[in-house]
Amino acid sequence: MESFLQQLINGISLGSIYALVALGYTMVYGVLRLINFAHGDIYMLGAYFGYYLSRLIQGRTPSHLLDAAVVMFLSMLGCALVGIVMERLAYRPVRRASRLTLLIIAIGVSLLIEYSSQVIFGADPKFFPQLIPETQIHMGGLILTNQQIIVLFTALALMVLLNLFIYRTRTGKAMRAVSFNLDAAKLMGINTDQIIALTFALGSALAAAGGILVSINIPGIDPLMGVMTGLKAFVAAVLGGIGNIFGAVLGGLILGLAEVMVSGYGSSTYRDAIAFLILIAILLFKPSGILGKGQVEKV
Amino acid sequence: MLELKNVSTRYGAISALTDVSFSVAKGEIATLIGSNGAGKSTTLRSIMGLAQPHAGEVLFEGKKINRMPTHRIAALGIALVPEGRAVFANLTVLENLELGGYLQKDSKQLKKDLEHVYVLFPRLKERLLQMAGTLSGGEQQMLAIGRALMAHPRLLLLDEPSLGLAPLVVQAIFDAIAVINKEGTTVLLVEQNANLALRRSQNAYVLETGRITMRGTSTELARDPRVKEAYLGE
Ligand SMILES: Nc1ncnc2c1ncn2[C@@H]1O[C@H](COP(=O)(O)OP(=O)(O)O)[C@@H](O)[C@H]1O
Ligand SMILES: [Mg+2]
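Just so it is clear, the model here is predicted, and its values are computed rather than measured. (Residues numbered from 1 in each chain as written. Chains lettered and ligands numbered in written order. Predicted model: local features only at pLDDT ≥ 70, side-chain atom pairs only at ≥ 80, totals over all residues. Heavy atoms only, no water.)

### Concerning the overall build of chain A
At step 1: On a plain count of helices and strands, chain A comes out with 11 helices and 4 strands.
At step 2: Taken over the C-alpha trace, chain A has a radius of gyration of 19 Å; the compact-globule value for 299 residues is 19 Å, and the two agree within 12%.
At step 3: Across its three principal axes, chain A shows a C-alpha extent of roughly 55 × 45 × 40 Å.
At step 4: Burial analysis of chain A (299 residues in total) assigns 52% to the buried set.
At step 5: For chain A, contacts bridging at least 24 residues in sequence account for 75% of all contacts bridging at least 6.
At step 6: Total accessible area on chain A stands at roughly 13,300 Å², and carbon and sulfur atoms take up 69% of it.
At step 7: Counting 19 positive and 13 negative side-chain charges, chain A places the centres of these two groups 13 Å from one another. (Helix = DSSP H or I, 4+ residues; strand = E, 2+ residues; numbered from the N terminus. Rg over C-alpha atoms; globule rule 2.2 N^0.38 Å. Buried < 20%, exposed > 50% of the residue type's maximum accessible area, 1.4 Å probe, protein only. Contact = heavy atoms within 4.5 Å. Areas by Shrake-Rupley, 256 points an atom, 1.4 Å probe, with all protein chains shown as cover. Lys, Arg positive; Asp, Glu negative; His and termini not counted. Charge placed at Lys NZ, Arg CZ, Asp CG, Glu CD.)

This is the structure in structure tokens:
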């Protein structure tokens, strides 16, 4: 039982990271009907920005937690800018292009970020500084680390904030309008280009947060670290129903739990396979995902 | 108030409008009639910048508006109620109306505007927290018009407001349009239902395969044998 609880917590923790990254896929898909395959690479950039920022900031603020918060905030800001630039340079000029063109461009952007990162940051893995010294917390028979708890709460807090933004603010309402019907949103006087840029910024910031939170737990970072996580988060978004915010969170949590359970009770060899099994199963049985409705979109 | 000068618009290689010129005077209800595929929606889309004319000019209150982005045209005081209503189905009725007033920063004024819409369409007030997608066709049309009014447009463009609605509902919608016009909003009404449109407007234009073929006062056109034969089924 305790080991099950332990797995449950690990699963939710991992799942919340997938959820953070999946949100970016789903939000961008919502406004542009585009699968931004470079999104996983933004997650990687988030970790790298965090790495360099940590070296500047660590020890300069009154507490470890504040160090981590400043690093995370600045890295999110940096990635938000990268997201905006990416949209402006790569996607806006081809807004009216066919889906295949968009897909090829997205893959191109992804490769561009991955390989220029190898040049700029070096292809070898780097060790993410320990911003928060690990302490173990025993709760009953459970062993948690303070880092796990921080990761989990930060991820959940970000998701709650995003939700408040989307459902409680005027700009969030505009974002939902854009995602439902772009032309009708323009008719309301909404500057849809700005909203689309903002969507990229928010999605990228969340991915950056994911990159940092993961690096706090598992400190090895490398320029291709976004590939697998990006794919899995994409699967999570599709599982929940792409374009649906709650779906992305749900899909992320399910995927995280499934992975942890498979490696905990089965074999860790199959850990990475589970995401793709899930993907095949959704594509076969419910291509619109758990919460998705309407037509099936072919990418 | 609105003037189109030799506007031509195409979709790819398909020409949808050729040399379309007409104008709408302040305070009137003007109508553009024509059969399915004539280019009525394209005309409205060209005014709003949702379609880009490749030739000609669109002037609003003397100002050239073609090539302006749609959201800026909307901000100038033109609202379009699109064909098929295009309400935000996954948002509540209230949120739809609030989006109509997106550019209104003054929350007191926003409240007043909402009240104004409720007076015009009491049915909406009973359904404020319902998802717009769950409304009946007539209610969605009311919502689409109410949403457009939230922006205080000086010019209201309506694309086939009677489409797919029962006669009684159509009556109610057109009565509301008359009230809106009396309150000072200029209206350009696009309709396939020529009979109705000619009775409810002062000036009319006939669009056939992308060209304006007839123009005149609505009473004149309603008596014109060609209009009678082609559009009034007489
Ligand atoms: N998005 C589009 N792409 C290509 N052709 C279009 C598009 N929209 C309309 N058309 C064509 O342009 C012509 C005018 O259409 P439209 O303005 O919708 O007519 P109406 O509103 O009078 O029924 C039609 O021949 C239609 O097939
Ligand atoms: Mg039409």
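Moving on, there is more to tell.
### Thoughts on the side chain of Ser41 of chain B
Residues and elements named next belong to chain B.
At step 1: Looking at the element boundaries, Ser41 is found in helix α1 (residues 40–48).
At step 2: In terms of polar contacts, Ser41 uses its side chain to reach the side chain of Glu83, at 2.4 Å.
At step 3: Residues in contact with Ser41, not counting those within four places in the same chain, are Glu83 and Asp159. (Polar contact = N/O pair within 3.5 Å; in protein donor to acceptor, adjacent residues only side chain to side chain.)

### Quick look at the layout of surface pockets
Residues and elements named next belong to chain A.
At step 1: Here the second largest pocket defines a volume of roughly 860 Å³.
At step 2: Contributing to the lining of the second largest pocket are 34 residues, with Arg95, Arg96, Leu182, Asp183 and Lys186 lying nearest its centre.
At step 3: Classifying every residue of the lining of the second largest pocket by side-chain character gives 14 nonpolar, 10 polar and 10 charged. (1 Å grid on protein atoms, 1.4 Å probe; cavity = no way out; pocket = protein on both sides within 12 Å on 5 of 7 lines; lining within 4 Å. Points joined across faces, edges and corners; volume = space filled by probe spheres on them. Nonpolar A, V, L, I, M, F, W, Y, C, P; charged D, E, K, R; others polar.)

### Notes on the site of ligand 1
Residue and element names in this part refer to chain B.
At step 1: In the vicinity of ligand 1, the contacting residues are Tyr11, Ala16, Ser35, Asn36, Gly37, Ala38, Gly39, Lys40, Ser41, Thr42 and Glu83.
At step 2: Between ligand 1 and the protein, one listed contact pairs an oxygen atom with a backbone N or O atom of Gly37 at 2.7 Å.
At step 3: At a separation of 2.7 Å, an oxygen atom of ligand 1 approaches a polar side-chain atom of Ser41.
At step 4: Compared with its free state, where it exposes 560 Å², ligand 1 has 61% of that area covered by protein.
At step 5: With 3 residues, the single largest contributor to the shell around ligand 1 is α1.
At step 6: When its residues are assigned to classes, the shell around ligand 1 shows 3 nonpolar, 6 polar and 2 charged. (Near = heavy atom within 4 Å.)

### With respect to helix α4 (residues 99–121) of chain A
All names here are of chain A.
At step 1: Between its terminal C-alpha atoms α4 stretches 32 Å, which fits the 33 Å expected from 23 residues at 1.5 Å a residue.
At step 2: Of the positions making up α4, those classed as buried are Leu102, Leu103, Ala106, Val109, Ser110, Ile113, Glu114, Ser117 and Phe121.
At step 3: Among the residues trailing α4, Gly122 stands out with phi positive, at a value near 90°. (Expected span 1.5 Å × (residues − 1).)

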